[in-house]
Structure formats: structure tokens, C-alpha cells
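This is what each chain is made of:
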Amino acid sequence: MKNSYENHEVFLGEKNYKIFFGQNILENCNSVFKNYVFGEKIIVVYDSSLEKNHLSRLMTSLDGFNTNLIKVKSGEKSKSFYSLNILLNQILSLGVTRNTILVAFGGGVIGDLVGFAASILLRGVKYIQIPSTLLAQVDSSVGGKTAIDTPQGKNLVGAFYQPRLVLADLTTLDTLPLRQILAGYAEVIKYGLINNPDFFEWCETNGSDLINGDLGLRAHAVEKSCFIKAQVVARDEREAGLRALLNLGHTFGHAFEVEVGFGKKLLHGEAVAMGTIAAFEFSQRLGLCSGQDVVRIREHFRAVGLPIDISSVVTKKWTTDKLIHHMGKDKKTEGDNLTFILARGIGQAYIETDVPAEALRVLLSDLLLT
Ligand code: GLY
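Note that the structure is a prediction, hence the values are computed from the model and not measured. Here the residue numbering is sequential within each chain, running from 1 through the sequence in written order. Note on the predicted model: pLDDT of at least 70 is required for a residue's local features to be given, and 80 or more for side-chain atom pairs to be given and counted; whole-chain, interface and lining totals, by contrast, use all residues. As a rule here, side-chain values cover all heavy atoms of the structure and leave hydrogens and water aside.

**Looking at the overall build of the chain**
Assigned secondary structure in the chain consists of 13 helices and eleven strands. Two things to know: the radius of gyration comes from C-alpha atoms, and the globule rule equals 2.2 Å times the number of residues to the power 0.38. A globule of 370 residues ought to have a C-alpha radius of gyration of about 21 Å, and the chain, at 20 Å, matches this closely. C-alpha atoms of the chain, sized along the principal axes, occupy 60 × 40 × 40 Å. Exposure categories follow from relative accessible area, calculated using a 1.4 Å probe and restricted to protein chains: below 20% of the type maximum is buried, above 50% is exposed, and the middle band is partly exposed. Burial analysis of the chain (370 residues in total) assigns 59% to the buried set. Residue pairs in contact within the chain that sit at least 24 positions apart in sequence constitute 74% of those at least 6 positions apart. What sets the accessible areas is the Shrake-Rupley method with a 1.4 Å probe; for residues, cover comes only from the shown protein chains. Counting only carbon and sulfur atoms, one obtains 50% of the accessible surface of the chain, whose full area is about 15200 Å². Asp and Glu are treated as the negative residues and Lys and Arg as the positive ones, with His and the ends of the chain left uncounted. Charged groups are reduced to one reference atom each: NZ for lysine, CZ for arginine, CG for aspartic acid, CD for glutamic acid. Distance between charge centroids for the chain: 6 Å, based on 39 positive and 39 negative side chains. Helical segments are the DSSP runs of H or I of at least four residues, strand segments are the runs of E of at least two, and each set is numbered from the N terminus. Contacts between residues were defined by any pair of non-hydrogen atoms, one from each residue, lying within 4.5 Å.

**Let's talk about the sheet that holds strand β2 (residues 17-22)**
Only strands that DSSP links by at least two bridges are regarded as paired with each other. Taken in spatial order, the seven strands of this open sheet run β1-β2-β9-β6-β5-β3-β4, and their pairing is mixed. In this open sheet, the two edge strands, each paired with only one partner strand, are β1 (6-10) and β4 (66-72). Pairwise comparison of adjacent strand axes, ignoring direction, gives a mean angle of 20° for this sheet. Relative to β4, strand β3 (residues 41-47) runs parallel, the two being bridged by seven bridges. The residue of β4 that forms the bridge with K41 is N66. Whenever a helix is involved, its axis is fitted only over the stretch in contact; in every case the axis is a line through C-alpha atoms, and angles between N-to-C directions fall within 0 to 180 degrees. Seen against the sheet, helix α4 (residues 108-120) touches β3, β4, β5 (101-106) and β6 (126-131) and runs at an angle of roughly 170° to β5.

**Points about the site of the ligand**
Whether a residue is near a molecule or strand depends on its heavy atoms: it is near if one of them lies within 4 Å of it. If you check the shell around the ligand, you find D139, K145, K229, R243, L246 and N247 and nothing else. Residues adjacent in sequence count toward polar contacts only when both atoms are side-chain atoms; beyond that, a polar contact is any pair of N or O atoms within 3.5 Å, and within protein one must be able to donate a hydrogen and the other to accept it. A distance of 3.1 Å is found between a nitrogen atom of the ligand and a side-chain nitrogen or oxygen belonging to D139. Computed on the free molecule, the ligand has an accessible area of 190 Å², of which 91% lies beneath the protein chains in the complex. Each residue gets one of three labels, nonpolar for Ala, Val, Leu, Ile, Met, Phe, Trp, Tyr, Cys and Pro, charged for Asp, Glu, Lys and Arg, and polar for the others, Gly among them. Looking at the shell around the ligand, its residues break down into one nonpolar, one polar and four charged.

**Thoughts on the pattern of salt bridges**
Pairs can form between side chains of opposite charge once their charged atoms are near each other. One speaks of a salt bridge when a side-chain nitrogen belonging to Lys or Arg is within 4 Å of a carboxyl oxygen belonging to Asp or Glu. Scanning the model with the defined rule gives 24 salt bridges in all. With a shortest N-O distance of 2.8 Å, R296 and E204 are connected by a salt bridge. With R296 in helix α11 (residues 291-304) and E204 in helix α7 (residues 197-211), the pair connects residues that are 92 residues apart, well separated along the chain. Each of the salt bridges in this network shares a partner with another, and the network as a whole consists of E76, K79, D112, D149, K154 and E257.

**Details of the pairing of β2**
When a strand is regular, its side chains alternate between the sheet's two faces. The element β2 is largely enclosed, with a buried count of five among its six residues. Pairing of β1 with β2, which is carried by five bridges, proceeds in the antiparallel orientation. The residue of β2 that forms the bridge with V10 is Y17. Here β1 folds back onto β2 in antiparallel fashion, the turn holding six residues, of which G13 has a positive phi close to 60°. Judged from the five bridges that link them, β2 and strand β9 (residues 165-169) form a sheet pairing that is parallel. Of the residues in β9, the one forming a bridge with F21 is A168.

**Examining the pairing of β9**
Buried residues dominate β9, accounting for five of its five residues. What you see with β9 is no split at all: L165, L167 and D169 on one side and V166 and A168 on the other are buried throughout. By the bridge criterion, two bridges tie β6 to β9 in an arrangement that is parallel. Its bridge partner being in β9, I128 is matched across the sheet by L165.

**What about the packing of helix α6 (residues 178-195) against helix α8 (residues 215-235)?**
Between α6 and α8, the least distance of the axes is 10 Å, while the angle of their chain directions is 50°. Taken together, the axes of α6 and α8 are oblique relative to one another. When the axes of α6 and α8 are compared, the crossing they make is left-handed. Contacts between α6 and α8 involve I181, V188, Y191 and N195 from the former and R218, A221, S225, I228 and K229 from the latter. Across the contact of α6 with α8, the residue classes tally to five nonpolar, two polar and two charged. For classification purposes, an angle smaller than 35 degrees is called roughly parallel, one larger than 145 roughly antiparallel, one from 65 to 115 roughly perpendicular, and anything else oblique. Throughout, a crossing is termed right-handed when the near helix is turned clockwise from the far one, and left-handed when it is turned anticlockwise from it by less than a right angle.

**Side note on the nonpolar core**
Residues Y185, F252, L306 and L360 are the most contacted members of the largest nonpolar core, which totals 81 residues. Ignoring any residue separated from it by four or fewer positions in sequence, one finds F252 in contact with G275, A278, A279, F282, M327, F340, L360, L363 and L364. As used here, the term nonpolar core means buried Ala, Val, Leu, Ile, Met, Phe, Trp, Tyr and Cys residues forming a set that is joined through side-chain atoms within 4.5 Å. Counting residues in hydrophobic clusters, the runner-up holds 23 residues, among them I25, V32, V37 and Y46.

Okay, structure coming up:
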């Protein structure tokens, strides 16, 4: 793998921005920042888990800039109104102007929370994403979806608000727990399953080595994922159609997350993994894709250690009615119709707005019994 940075651009007219990825970007980010920051105040909002190994790498590099720090506790629970309120107060107390730049240094939770704060502070201040988890580097830091969770559902309060820059340092993945790497990998596979069967095949061949730390493979996965995502976002920033495909597995996954309660018990990527299997099983039952496809996907998930069945988190209080209720709250829902991303095969995902309710009910009750 090259030591220099690679970059991709997200083309959104005036809102174009670059995604840089590579090794040791943290140590060298002052040279990139110089092109974006001209004396303005920078407020770095960071995930508490980065304090030990990575925060000083970033802050040493930003020596000379006008920086302030705010710590946010690790975990999905920080994507709440409660945490947003605290964060906004901390930022306002530091003094914020339209020229202040927020930096989101962490995983998907920090990126979503800080991005949303940036979108509403003074009706919009600039922000930079420095994603530190695989999930954030391959998905959530790119594309400008920002949000918090509420008890009613995941990401129900938020905004489309693009960052000015994304800096993904692959070395932050070295200290990430395996469980978090796996959760991010679920989003990598997604790109293959949506419309890139060759990439799914690449995942089958290389997934285990990538998960075990191969830097070159990780770099390829981040590059490919960002490339695919940037293309999709450029064509459909506000999810009028195409972008919804990126939600493969998410309608099921979000319902599982709400039912478990946001937290460590079920990570977002784990819920997406289980949701992806459910989406393909549903597609098979509806006669859309072959049983072989489902077996192949299950086999790959199992081989790398991703959770497949919800049996590990399900409790007696789960019911099909509750899951369907959560799904009805999903942002993809229109009127009374539930919308799902289904597939006619590996790499052939599509948006289905007319899902047979009874088939869904049977699938969910089967899932709850397994
Ligand atoms: N994570 C899906 C999207 O950004 O559209």
C-alpha cells in the first residue's frame, strides 16, 4: 500500500468535498487543514475512546491552529437529544461564530452527532469528518447524513448536511476492537451486495485477512466503498431514490436496534448484518433471488464471524407486531406501505414499495422462533 494519501471527491456542485484516506493522516493533517482553515476557531469533538492512542496524534499535528476540545462518551447512547443538548451548550460556551469549524473525530456516533450540531448551530457552521472506525470510514462519514436517535427510532431527527472534508486514517483501525471492525465490515459487504457482485466476490476472498488487519486490503475496502458511495450520493444526495439502496438491511436492522435499545448489546453494524440476511431471506421467499445466493451470503458472514441470526439478542418481549411497528417509523416508509430494499440476486438490489404484509409477518415470526 502506498504511504501517500489517496483521495476521492464527492461531486455535489458547490458542496464538493474531498475524502482523503491513507496511513498516518492524523500526524500530517496540518498540511491538509492549511487549505481549509485560515485562523478560524476549530472545535474538535472527540470520542472518549480515542484519548488513549490517537487524540494526541491529531492535536500535536494541529498545534498552531486555534483549537478547543470537547469529549463525548463512546457509544450509541451519545446520539441522543440529551447529549446533543450538552454538546450545543459546550460549543456555545466556547463562543461560536459562522466561521467556527467543528471537527468530528470518532466513529459514526460522533460523526452523526457533530454533523447535526453543525447543521443547526447558527443555522449552519462548517465541519470536518475524521472517522476513526471502519464503519465511519466506509459509510457514515461520507454523504452528509447527520442525526440523533430517539426512543421512537433510529436517526429520526437529523439533516442532510455535508462536511467540508473527510480524513480517514487507516491506522486508527489498528486499535479498534474486533467487534467494531466486524460491524464496519457489514457495511463494506453491503456495497457488493447492492450492485457490485465482483466486489462481493473480492470480500469472500479477502474478508478474513482484511478483518485480521491487512492494511492493503483495508485500504482497498475503504477506497472502493467511498468510491461507490460518493457516486451514489452525487446522483441522489437527499435520497429521492437511488441512495435508498444504501439502506440494504437497515429497515430490519433499525427495528432490531430499537427493540434491543441503543447500546453495546447490539452494534449498528451487527444489526445491519442480521438485517441484510433477513432482506435476502425475504427476497428468496418472494421468489426474487435464489436459495444459493442466501446460502452464499450466510456462509460468508459466518466465515468472518458476523452475527447472522437475531436469536442472540431476541427476548420474550419481542413480537412481530412490535417489529412491524418500528419498521413503520422508518424514514423510508411512505403512507401505510413499508418500503424495503430487496434483491433479485447478489449485486441486484432494488427498492420495493409494495411489500406483501403477510409474507413479512411470517418471515418475522420465523426469525423470532430461530
Ligand atoms: N448510510 C446510508 C447513507 O448514507 O445513505
